[in-house]
Amino acid sequence: MLRSESFETRENRNVLMCLEKDASRVVMDTYGSVQNGGYRSNIYGAENDDSCINSDCGYNSECRGNYFSNGTTKIDFVLVWEVKTKKPKKQKVRSTYQEMEKEEKNMSKINNDNEKWRDKFMKNLANAGLLLEKDITVSEKKSIHYLKLSAPWDVLVYYAEELYMRAPLQAQPNPCLNTSETVLRKLNIPNIMSEYVPNRPVDYYTCPFRKSKLDKFLGSNDHDTYFTNTQRHQIIYEILAATVYGKRQRAEIGIDRLLNEKVFSSAFPLHEGPYELPEYDVPPENLNPRQILYKYWACWSKWHKYQPLDHIREYFGEKIAIYFAWLGFYTAWLLPAALVGTFVFISGLMTMNSNMPAKEICNVSNHYNMCPLCDTCDTWNISEICSMAKLGYLFDHSGTVFFSIFMSFWAVTFLEYWRRKNATLAYYWDCMNFEEDEERPRPEFSAMAPMMEQNPITGVKEPYFPERDRLSRIFTGSMVIIIMLCVVMIFLVTVIMYRGIISIMMYHTGNTILMTQAGNIANISSSMVNLILILLMGQVYTSLAEKLTRWEMHRTQSQFDDAFTFKVFVFQFVNFYSSPFYVAFFKGRFVGYPGHYGKLFGMRNEDCGSGGCLIELAQQLFIIMVGKQIISNIQEFVIPKLKAWRQKQKLAIVRGSQISQESKRWEEDNELIPCEGLFEEYLEMVLQFGFITIFVAAFPLAPLFALLNNWVEIRLDAHKFVCEYRRPVAERAQNIGVWFNILEALAQLSVIINAFLIAFTSEFLPRLLYQYEHNANLDGYVNFTLAYAPDSYLESNRTMCRYKEFRDPDGQLTLFYWKLLAIRLGFIIAFEHVVFFILRLIVWLVPDIPESLEVKMKREHYLAKQALADNQDVYLSVSQHATVSGSGVQRSIVSQPLTAWPRPGRKKSLAALPVEQPAKAFPQQ
């Protein structure tokens, strides 16, 4: 293990350590990328019979949990399937004998096909060079079969070269990637967020692996530890995903499709031991990686500590580590936003009594007789809304205008600095510029595609679905989305009518308190009803969107994910934000005036309450945003535990009499629930980001509630991945994908929405214009904003009353209204231009890749060229030949006979050096 260096030494070090070939001096937990390919070793070619599958091996208590029964062969992957050992009980009610016989024949045929596919699949895995061992748990009703897989050294080396896995050239101290930690260290300020986490992975300069240069790489003599467990898992999964189990012409390939066909019940890599900490004292360095993650990350007591991102990446892979890195970075940036928002709210609270319009409302007696709020209501006095006028000032003062501008800058600056952080992480995790050249078809696509066509890239016939038919299905799916959005609008209108009915009912009770608070009671209750409808509609539409996306027949998983993400986000955007949009920009705009009220279904259109529209908007945001967060956290805490309990009960029945025995590692992991991915996690955070940016002018406490939620969210997600999920296959990723584009769109939209919110919903500009033209202290402002009921209204023996609007006694809009409208439009234009200009300036000033990182990238590239320098002449000759013959090298590879699996496309990785790549002939099956 390398000794840790001081910050100054690491910063000023110009000469790095020499290339080290002795693995004993460094910890050989290397990082690398694993891509597609095929392998079949002659060593294992003679073992193509069932003798390579040991079905009688028992459990040896001396063997470690993640090893074969011999105690030395690592288990890299486990396949599980169930076989019924007892016929099901006859049903009490049967149809005809012919139907029963037909059903039994169908079930027998399905079971025979499944068994035949499993046998061929396992034989092909053995042909690919994998080591296999079987373990069985038997009960009276069914037996559970566990097939343990391991990749020997020859297989790993073959894939390391064939798939451009990155290998270590030179070790270096793992850098500190926490900016706050670096700043606090320079200032000599104690950092309560920092904590020592044992067994931190060593950082390396890396380059693409070459078998011919094996002696150039660190630790290549130690075959057991050279490849990390996650790399071994990825290699096994690639073999599983490309292995044939039936007929190639029918695209009967890969473990994913076997799982869809229920041939196997599950397939997963093993956790590295239990997560529970031992009861006796153990040195932290002796804990297994899962226990380290549990103790230093998933525990609730670590809510204020940095996340051990390197450990997360080493255990779960880059895709999951990038999510937690983004979530932690986002949460850290919420801290200054929450502090500023809380300060703005407290400043409004402290200056609330100095609000002149509220004072005028509270001090007047019976001077302002207000027009009835409904057709059957009586007139009321403006002094009745004194408390609401004071409360409305908390969400509508000059500080909220400043905060909306601040949050616009915050959003774009946050995204720019995340781009820098992401580039740094992608480099240190060896996944910068990583992408898929050619993805395999999705299992469901392969099963349902009506025809086969030759892939122009791989030259292999694959399932094909006509593009015209897909476009017609996408168009039909778009119509369904529009219909669902119309349903959301219908529910919104229903909530509006519910609010009006509740207000009238409260007013007619005759109770003074209920009459005064009728609007607030209606708004709060309708917001709760709206939240329930939002959550129900979200669940229904997510299920519908998934079925629609499957029906559209997208070929690859990334195309499927992008289409599904777009559908769900568009719907959830309208679902969650339609009600706040209505309150912010439509409520109170079409009320009309006495004698000419606008109506909807016979009911008068809604007007903003006594405290203004912003306080109602704040109520909506608080109930929807905070309520959604509370419900989601409860679901994330309770539902995984219920699923895990159900899974354990189900398997406990199968284990039967063996329940008293110590369970094996693969049995314990099979009792866990499958990993559900990151879609729901990203969607929840992106919707939260929209709440704290788009409507922040009306709800300055939104970042504070988001911060509190995210502290809980990180630990909930960490606990799920460490304790309750099966270990997912490590996936590579260089960023958060399409979600970053959505965040950028929301940040840009927030500038526009906040400009309109300040201009048309807030009282900021009307007060400002009144101060400029009439009175700087806002004396008489309330009287100025109230118009008299027109004469046509008073002709029906109605009492003279006032209403809030800039109109003359004839009901015509006054000159002040048109001046205010011009100022509002001018403010929007000026606000957007100034903010967008400064935002572009921020983007220009903040480079996407830090300068120090560029230096390290060049240094790594230089070291790689030096290590493989004697290969350059051969490479030049090969590359020149490839240029002349039109990439003949690549054609020579494709033209070789195919193995039992198709050759998928390769994945790219940064600094894939121009070294020799001789064409390899794929061996025959």
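Model, not experiment: these values are computed from the prediction. (Residues numbered from 1 in each chain as written. Predicted model: local features only at pLDDT ≥ 70, side-chain atom pairs only at ≥ 80, totals over all residues. Heavy atoms only, no water.)

*Asks:* Is there a simple way to think about the overall build of the protein in this case?
*Replies:* A tally of regular secondary structure across the protein gives 29 helices and 19 strands. Counting across all 925 residues of the protein, residues that qualify as buried make up 52%. Across the protein, the fraction of contacts at a sequence separation of at least 24, relative to all contacts at a separation of at least 6, is 79%. As displayed, the protein offers around 43,600 Å² of accessible surface, 58% of which is attributable to carbon and sulfur atoms. (Helix = DSSP H or I, 4+ residues; strand = E, 2+ residues; numbered from the N terminus. Buried < 20%, exposed > 50% of the residue type's maximum accessible area, 1.4 Å probe, protein only. Contact = heavy atoms within 4.5 Å. Areas by Shrake-Rupley, 256 points an atom, 1.4 Å probe, with all protein chains shown as cover.)

*Asks:* I would appreciate a short explanation of the confidence of the model for the protein in the present structure.
*Replies:* Interpreting fine coordinate detail is not advised for predicted regions of low pLDDT. This prediction gives the protein a mean pLDDT of 77; 79% of its residues lie at or above 70. Of all helices and strands in the protein, the one with the weakest mean pLDDT is helix α29 (residues 888-894) (32), whereas helix α21 (residues 702-724) scores best (93). Across residues 89-95, confidence stays below pLDDT 50; counting only partners more than four residues off in sequence or on other chains, it has 1 contact. pLDDT under 50 marks residues 871-925. Its contacts with residues more than four places away, or in other chains, come to 118 contacts. (pLDDT = per-residue confidence, 0-100.)

*Asks:* I would appreciate a short explanation of helix α16 (residues 518-551) in the present structure.
*Replies:* In an α-helix, one turn spans 3.6 residues, which is why side chains three or four residues apart end up on the same side. Counted at 1.5 Å a residue, the expected span for α16 with its 34 residues is 50 Å, and the 48 Å between its end C-alpha atoms agrees. A positive phi of about 60° marks Met 553, the residue just after α16. (Expected span 1.5 Å × (residues − 1).)

*Asks:* Got a minute to help me understand the packing of helix α9 (residues 318-350) against α21 in this structure?
*Replies:* Two packed helices can be described by the angle between their axes and the distance between those axes. At a minimum axis distance of 7 Å, the contact between α9 and α21 shows a crossing angle of 160°. As summarised for this structure, α9 and α21 are arranged roughly antiparallel, according to the angle between their axes. Remark: the crossing between α9 and α21 carries left-handed chirality. Contacts between α9 and α21 involve Ile 320, Tyr 323, Phe 324, Leu 327, Gly 328, Tyr 330, Thr 331, Leu 334, Leu 335, Ala 337, Ala 338 and Thr 342 on the former and, on the latter, Pro 703, Leu 704, Ala 706, Leu 707, Asn 710, Trp 711, Glu 713, Ile 714, Asp 717, Ala 718 and Phe 721. Of the residues assigned to the contact of α9 with α21, the class counts are 17 nonpolar, 4 polar and 2 charged. (Axes fitted to C-alpha atoms, helices over the stretch in contact; angles between N-to-C directions. Parallel < 35°, antiparallel > 145°, perpendicular 65-115°, else oblique. Left-handed = near helix turned anticlockwise from the far one by under 90°. Nonpolar A, V, L, I, M, F, W, Y, C, P; charged D, E, K, R; others polar.)

*Asks:* Can you walk me through the side chain of Asn 355 in this structure?
*Replies:* Its location among the elements puts Asn 355 in the loop between α9 and α10 (356-363). Contact partners of Asn 355, with chain neighbours within four places excluded, come to Ala 389 and Tyr 393.

*Asks:* When you look at the pattern of salt bridges in this model, what are you seeing that I'm missing?
*Replies:* Working definition: two side chains of opposite charge can pair if their charged atoms are close together. Summed over all chains, the structure comprises 26 salt bridges. Of the charged contacts, one joins Asp 310 and Arg 200 as a salt bridge, the two residues approaching to 3.2 Å between their closest N and O atoms. Linking Asp 310 in helix α8 (residues 309-316) with Arg 200 in the loop between α4 (179-186) and β6 (203-208), this pair joins segments that are 110 residues apart in sequence. Classification of Asp 310 by relative accessible area gives buried; the value is 8%. For Glu 552, the salt bridge identified is with Lys 567, shortest N-O distance 2.9 Å. In this pair, Glu 552 is assigned in the loop between α16 and α17 (557-585) and Lys 567 in helix α17, connecting sequence segments 15 residues apart. Each member of the pair, Glu 552 as well as Lys 567, is classed as buried. Three or more residues are tied together by salt bridges with common partners; here these are Glu 636, Glu 681, Asp 717 and Lys 720. (Salt bridge = Lys/Arg side-chain N within 4 Å of Asp/Glu carboxyl O.)

*Asks:* I would appreciate a short explanation of the state of the cysteines in the present structure.
*Replies:* Every disulfide links exactly two cysteines, by a covalent bond between their sulfur atoms. Applying the stated rule across the entire model yields 2 disulfides. Disulfide partner of Cys 371: Cys 801, at an S-S distance of 2.0 Å. Residues Cys 371 and Cys 801 share a disulfide whose torsion about the S-S bond is about 85°; that sign makes it right-handed. Here the residue Cys 371 occupies a position in the loop between β8 (369-370) and β9 (380-381), and Cys 801 occupies one in the loop between α25 (791-794) and β18 (802-804), the gap between them amounting to 430 residues. Exposure remark for Cys 371: the relative accessible area of 5% places this residue in the buried category. (Disulfide = S-S within 2.5 Å.)

*Asks:* What should I look at first to understand the packing of aromatic side chains in this one?
*Replies:* Each aromatic ring pair is specified by the distance between its two centres and by the angle formed by the two planes. Taken as a whole and judged by the stated rule, the model has 56 aromatic pairs. Between the aromatic rings of Phe 329 and Trp 333, the centroid separation amounts to 5.9 Å while the plane-to-plane angle is 35°, which identifies the pairing as tilted. Highlighted residues: Phe 329 and Trp 333, both in helix α9, separated by 4 residues, approximately one helical turn. Among the residues examined, Phe 329 registers a relative accessible area of 15% and is labelled buried. Taking 6.3 Å as the distance between ring centres and 85° as the angle between the ring planes, the aromatic pair formed by Phe 576 and Phe 691 counts as edge-to-face. Note that Phe 576 is positioned in helix α17 and Phe 691 in helix α20 (residues 679-694), a separation of 115 residues in sequence. For Arg 727, the ring lying beneath its charged end belongs to Tyr 315, and the centroid distance is 3.8 Å. (Phe/Tyr/Trp six-rings, centres within 6.5 Å; stacked < 30°, edge-to-face > 60°. Lys NZ or Arg CZ within 6 Å of the ring centre and 35° of its normal.)

*Asks:* I keep staring at helix α3 (residues 153-162) and nothing clicks. Help me out?
*Replies:* In terms of residue burial, α3 counts as a mostly covered element, since 9 of its 10 residues are buried. All of the buried residues along α3 are Trp 153, Val 155, Leu 156, Val 157, Tyr 158, Tyr 159, Ala 160, Glu 161 and Glu 162. Elements in contact with the buried residues of α3: α5 (229-241). Tyr 164 occupies a position one or two residues after α3 and carries a positive phi of about 60°.

*Asks:* Got a minute to help me understand a positive patch on the surface in this structure?
*Replies:* Where like charges cluster on the molecular surface, the positive patch consists of Lys 116, Lys 120, Lys 247 and Arg 250. Residue placement: Arg 250 occurs in the loop between α5 and α6 (255-260). (Patch = residues over 30% accessible without salt bridge, like charges linked within 9 Å, V, L, I, M, F, W, Y side chains within 5 Å. Lys, Arg positive; Asp, Glu negative; His and termini not counted. Charge placed at Lys NZ, Arg CZ, Asp CG, Glu CD.)

*Asks:* Explanation requested: the packing of helix α7 (residues 289-298) against α8 in the structure shown.
*Replies:* Running from amino to carboxyl end, α7 crosses α8 at an angle of 145°, the nearest separation of the two axes being 10 Å. For the crossing formed where α7 meets α8, the hand is left-handed. Facing α7, whose interface residues are Pro 289, Arg 290, Ile 292, Leu 293 and Trp 297, α8 presents His 311, Ile 312, Tyr 315 and Phe 316.

*Asks:* How should I be thinking about the pairing of strand β2 (residues 77-84) in this particular structure?
*Replies:* For a regular strand, side-chain orientation follows a simple rule: the groups alternate between the two sheet faces. One ladder, built from 8 bridges, connects β2 with strand β4 (residues 142-150); its direction is antiparallel. Counted as the bridge partner of Lys 84 is Lys 142 from β4. Bridge count for β2 against strand β7 (residues 266-268) is 3 bridges, and the pairing is antiparallel. Of the residues in β7, the one forming a bridge with Leu 79 is Ala 267. (Pairing = 2+ DSSP bridges.)

*Asks:* Honestly, the pairing of strand β5 (residues 166-172) in this entry has me stumped. Any pointers?
*Replies:* Of all 7 residues that make up β5, 7 are buried, and the element is covered over most of its length. Relative to β6, β5 runs antiparallel, the two sharing 6 bridges. From the neighbouring strand, Ala 171 faces β6, where its bridge partner is Tyr 204.

*Asks:* Would you explain a nonpolar patch on the surface in this entry?
*Replies:* Together, Trp 300, Ile 630, Ile 634, Phe 637, Val 638 and Leu 642 line one region of the surface with nonpolar side chains, adding up to about 580 Å² of accessible area. Along the polypeptide, Ile 630 turns up in helix α18 (residues 613-655). For Ile 630, a relative accessible area of 49% gives the class partly exposed.

*Asks:* In this structure, what is going on with the side chain of Glu 724? I would like to understand it.
*Replies:* Here Glu 724 is to be found in helix α21. A polar side-chain atom of Glu 724 sits 3.2 Å from a polar atom in the side chain of Lys 641. Contacts of Glu 724, omitting those with residues within four sequence positions, involve Pro 640, Lys 641, Leu 672, Ile 673 and His 719. (Polar contact = N/O pair within 3.5 Å; in protein donor to acceptor, adjacent residues only side chain to side chain.)

*Asks:* Looking at this structure, how should I read the environment of Ala 755?
*Replies:* Relative to the helices and strands, Ala 755 resides in helix α22 (residues 738-761). It is 7.0 Å that separates the C-alpha atoms of Ala 755 and Glu 832, two residues lying 77 residues apart in sequence. Not counting the four nearest positions on each side in its chain, Ala 755 is found in contact with Phe 827, Ile 828, Phe 831 and Glu 832.

*Asks:* I tried to follow unusual backbone geometry on my own but got confused; where do I start?
*Replies:* Comment: phi is negative for the bulk of residues other than glycine, and the bulk of peptide bonds are trans. You will see that Lys 262, though not glycine, has its phi angle at about 65°, which is positive. Structurally, Lys 262 is set in the loop between α6 and β7. Note on Lys 262: relative accessible area 67%, which makes it exposed.

*Asks:* Honestly, the environment of Ile 849 in this entry has me stumped. Any pointers?
*Replies:* With respect to the element layout, Ile 849 can be found in the loop between α26 (815-845) and α27 (851-867). We classify Ile 849 as partly exposed; its relative accessible area is 28%. Residue contacts for Ile 849: discarding those within four places in its chain leaves Ala 423, Glu 854 and Met 857.

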